[in-house]
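# Chain and residue survey
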Amino acid sequence: MVRTSLMESAYRKTRLVLMDVQPRVNATKDLPVCTRSFQRVQLLDDRYVSLCRPTRQAGPSAGKLSLLPWTDPARGPIPIRAIARREGTAPPETVAITQSLEAEQAHLNTLVRLLIGGVAGITLLVSGATWLTAGRALRPVEAIRADFADLSAHHLDRRVPVPRTGSEIARLAITMNATLDRLQKAVDQQRQFTADASHELRTPLACLRTELELALNDASSADWARAVRDTHRDTVRLQDLTENLLLLARLDSPQDDQASRRTVDLTDLVREETTRRHPPQGIVLEVCSVPGPLTVRGHHALLARVLGNLLDNAERHATSTINVSLSHDDAHDQAVLDVRDDGPGIPREEGRRIFERFTRLDDARARDTGGTGLGLAIVERIALAHGGTVTLTPSTGGAHFTLRLPTKKPR
């Protein structure tokens, strides 16, 4: 835009010169040949206007200014060159009136230098401000990164600092701390589970070793039949504990088993499992079920394990009666399985802890009758894997467990 304005000013000046220069054109002789740049020969009154003889290479020209700030004002720009005719010559001769653009080029060079300097200065200023602002904004990120890099499985109690800005970085830190909380909880549970499993496995193994060593110390008079029975009992207990641990590990692993699930009729499952049960002497098993099929989608063996574990728990604590009831909750479209016993019951404050692994509430905590402490934990994991819940329902007498599973709607 500046170059255009300067060229227009030069054009106006050239037009004024053409109006006054004709007498000089007629009187001037021995003109030099025009060149590309302005020639300081045959000058007119204005030192920026001269006369020359046009050629094919240096004919009429509209002039051109250079935007390069190092352009020589005297030689760099192409001057404005207009052609005038000499009067009274035969053959007719032409003269080129050349208008220099030296002043315009010098002015343009100054403006371009100022513009480049200004742009460079503003760029440096903006870059410096951006660098300082970005550094200040990312300083909390560096603090988060440093603290997160120092974390390890043995020091999961540390947390990353949360900036007080309330920005996205603060929300990122809050999310990371929440993730670390869940990770620490999972690691603590894994450590506790490993310690409890080691303890539970060590006990039957120690019993096995003790019984065998006692029999071997006095092999001639040992009651081998009793020793074998005791060893077999501890071996079965050890096998049950190992199978329960493997089942819990499989239930804890994140896997999508929807494709392997089938339609399970809970009415048939309850009838089959209760028919094959043989409660201890003096315990009556009562069953009340819906008359028609009540289907859910899942694994038949796992759902049978749920009912089996609930019945095992009821048989250990019941005084005289165990009640199994299967119904349908129309409001929530759920199958409801209730297992009750008339034993001493479970304190309400223990309603959550009983579903934790290796939890026993028996008075004597005897391992012969108290189970492994994994049965209810397995029940809860299977229920959750099937999209259901298992809860301890408040009861005036005995323990009352309620299993809820979403039913499969008929097509």
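Everything numeric here is computed off the predicted structure, so don't read it as measured data.

Reading the values: rules and limits
- Residues numbered from 1 in each chain as written.
- Predicted model: local features only at pLDDT ≥ 70, side-chain atom pairs only at ≥ 80, totals over all residues.
- Heavy atoms only, no water.
- Helix = DSSP H or I, 4+ residues; strand = E, 2+ residues; numbered from the N terminus.
- Buried < 20%, exposed > 50% of the residue type's maximum accessible area, 1.4 Å probe, protein only.
- Areas by Shrake-Rupley, 256 points an atom, 1.4 Å probe, with all protein chains shown as cover.
- Salt bridge = Lys/Arg side-chain N within 4 Å of Asp/Glu carboxyl O.
- Polar contact = N/O pair within 3.5 Å; in protein donor to acceptor, adjacent residues only side chain to side chain.
- Pairing = 2+ DSSP bridges.
- Axes fitted to C-alpha atoms, helices over the stretch in contact; angles between N-to-C directions.
- Parallel < 35°, antiparallel > 145°, perpendicular 65-115°, else oblique.
- Left-handed = near helix turned anticlockwise from the far one by under 90°.
- Contact = heavy atoms within 4.5 Å.
- Nonpolar A, V, L, I, M, F, W, Y, C, P; charged D, E, K, R; others polar.
- Core = buried A, V, L, I, M, F, W, Y, C linked by side-chain atoms within 4.5 Å.
- Arc of directions from axis to C-beta.
- pLDDT = per-residue confidence, 0-100.

## Here we look at the overall build of the chain
When helices and strands are counted, the chain shows eight helices and 11 strands. In the chain, which comprises 411 residues, the share counted as buried stands at 37%. For the chain, the accessible surface area stands at approximately 25200 Å², while carbon and sulfur atoms represent 57% of it.

## Observations concerning the pattern of salt bridges
All chains considered together, the criterion is met by 12 salt bridges. For aspartate 268, the salt bridge identified is with arginine 271, shortest N-O distance 2.3 Å. Here the residue aspartate 268 and the residue arginine 271 both occupy positions in helix H6 (residues 266–275), the gap between them amounting to three residues, near one helical turn. Relative accessible area serves as the criterion here: at 29%, aspartate 268 is assigned to the partly exposed category. For arginine 271, a relative accessible area of 45% translates into the label partly exposed. Note that arginine 353 is salt-bridged to glutamate 350, the shortest N-O span being 2.7 Å.

## Quick look at the environment of asparagine 323
Take asparagine 323: it is sitting in strand E8 (residues 321–329). Each C-alpha atom of the pair asparagine 323 and glutamate 286 lies 4.7 Å from the other, and the pair is 37 residues apart in sequence. Here the side chain of asparagine 323 touches glutamate 286 through a polar contact of 3.5 Å, side chain to side chain.

## With respect to the pairing of strand E9 (residues 334–341)
Of all eight residues making up E9, six are buried, and the element is well covered by its neighbours. Strand direction decides the pairing type here: E8 and E9, joined by eight bridges, are antiparallel. Across the sheet, histidine 328 pairs through a bridge with alanine 335, a residue of E9. Adjacent in sequence and paired antiparallel, E8 and E9 are bridged by four residues, among which aspartate 333 carries a positive phi angle near 55°. In the sheet, E9 pairs with strand E11 (residues 400–406) via seven bridges, with the strands oriented antiparallel. Considered in E11, the bridge of glutamine 334 is made with proline 406.

## Focus on the packing of helix H3 (residues 102–149) against helix H4 (residues 168–217)
Running from amino to carboxyl end, H3 crosses H4 at an angle of 15°, the nearest separation of the two axes being 10 Å. As the angle between them shows, H3 and H4 are arranged roughly parallel. Between H3 and H4 the crossing geometry is left-handed. Where H3 abuts H4, its residues Ala137, Pro140, Val141, Ile144 and Phe148 lie against Ile169, Ala173, Met176 and Leu180. The residue inventory of the contact of H3 with H4, partitioned by class, reads nine nonpolar, no polar and no charged.

## So, the sheet that holds strand E6 (residues 284–288)
Ordered by their spatial adjacency, five strands build an open sheet running E6-E8-E9-E11-E10, and the pairing between neighbours is mixed. The sheet is open, and its two edges are formed by E6 and strand E10 (389–392), each paired on a single side. The sheet shows a mean angle of 15° between the axes of neighbouring strands, direction not considered. Lying over the sheet, helix H7 (residues 300–317) contacts E6, E8, E9 and E11, oriented at roughly 20° with respect to E9.

## Quick word on the nonpolar core
Core analysis: the biggest nonpolar cluster contains 44 residues, and Leu307 and Phe401 have the highest contact counts within it. If you tally residues by element for this core, the top one is H7, at eight residues. Leave out the neighbours within four places in its chain, and phenylalanine 401 touches Leu310, Asn313, Leu337, Asp338, Val339, Ile346, Ile354, Phe355, Leu376, Thr391 and Leu392.

## Quick notes on H6
Residues of H6 that are buried include every one of Leu266, Thr267, Leu269, Val270, Glu273 and Thr274, and no others. Along the axis of H6, the buried residues cluster in a sector spanning 165°; they form a single face. The N-cap residue of H6 is aspartate 265: its side-chain oxygen and the backbone nitrogen of threonine 267 are 3.0 Å apart.

## Let's talk about the confidence of the model for the chain
Residues at a pLDDT of 70 or more form 82% of the chain, whose mean pLDDT is 79. The secondary structure element of the chain with the lowest average pLDDT is helix H2 (residues 22–27), at 60, and the one with the highest is E11, at 93.

## Remarks on the packing of H7 against helix H8 (residues 375–385)
When two helices pack together, their arrangement is given by the angle between the helix axes and by the axis-to-axis distance. At a closest axis distance of 9 Å, the pairing of H7 and H8 adopts a crossing angle of 145°. Two packed elements cross with a definite hand, and for H7 against H8 that hand is left-handed. Residue-level inspection shows Leu302, Arg305, Val306, Asn309, Leu310 and Asn313 of H7 in contact with H8, the latter providing Gly375, Leu376, Ile378, Val379 and Ile382. In the contact of H7 with H8, the residues fall into seven nonpolar, three polar and one charged.

## Side note on the environment of isoleucine 97
Counting through the fold element by element, isoleucine 97 comes out in strand E4 (residues 94–99). With relative accessibility at 2%, the residue isoleucine 97 sits in the buried group. Between the C-alpha atom of isoleucine 97 and that of cysteine 52, which follows or precedes it by 45 residues, the distance is 6.8 Å.

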